[in-house]
Amino acid sequence: MKASPAPGKPGKTLLDDTLVLVMSEFGRSWASRSSNGTYNLPDDHHPYTSVMFAGGNVAANRQVGTYTTRGLGVPVDIIEETGQTQKRVPRSAGVVTTALRIMGMETHHFFIPGGYGEVVGLRKG
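**Quick word on the environment of threonine 18**
Move 1: Mapped onto the elements, threonine 18 comes out in the segment before β1 (19-23).
Move 2: Separated by 36 residues in sequence, threonine 18 and alanine 54 place their C-alpha atoms 8.3 Å apart.
Move 3: Apart from residues lying up to four places away in sequence, threonine 18 is in contact with Met1, Ala54, Gly55 and Gly56.
Move 4: Only 2.8 Å separates the side chain of threonine 18 from the backbone oxygen of leucine 14, close enough to count as a polar contact.

Below, the structure is given as C-alpha cells:
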C-alpha cells in the first residue's frame, strides 16, 4: 500500500488513506502455554488486548499494549468517556473507539460494549 499511489492525490499513497489494525478480541498469557506450545488453561481469556495501528491519520505507527507473564497487559494512557486521562490496560472497546476517532467519526453515534476510551497519542493532530 505504501508503494501504490493514491488515485487523484499526488504525493499520497494508499496507506495514507487506509487505517490498518492488527488485533485480537481477547488475549492469552504466555504463562498458559505448555512445553509443546499449546494452551492448557481453557479459561485464560481476558478482555485486554494488544493492537498495531498504522496508516492514514495515525500519528505514530506502533503497537499498543502487550501481555506480561501474568497475562494482565501493560497500562497505557487512555482518554476516558469523562475526558479525563487515566493509565490502564487497553481493552477491545478502547481499540474500537480509537479507530473510530482516527477515521474522524464521533463515538457517541455508536454503542460500544465495554465503554469508550481512546488511546492517547495515536490520532494525528
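**A closer look at helix α1 (residues 92-102)**
Move 1: In terms of burial, α1 is largely enclosed, as 9 of its 11 residues are buried.
Move 2: Along α1, the positions that sit buried rather than exposed are Ser92, Ala93, Gly94, Val95, Thr97, Thr98, Ala99, Leu100 and Ile102.
Move 3: On the buried face of α1, the contacting elements are β1, β2 (51-55) and β6 (117-119).
Move 4: Backbone geometry just after α1 places glycine 104 at a positive phi near 80 degrees.

Conventions used here
Residues numbered from 1 in each chain as written. Predicted model: local features only at pLDDT ≥ 70, side-chain atom pairs only at ≥ 80, totals over all residues. Heavy atoms only, no water. Helix = DSSP H or I, 4+ residues; strand = E, 2+ residues; numbered from the N terminus. Contact = heavy atoms within 4.5 Å. Polar contact = N/O pair within 3.5 Å; in protein donor to acceptor, adjacent residues only side chain to side chain. Buried < 20%, exposed > 50% of the residue type's maximum accessible area, 1.4 Å probe, protein only.

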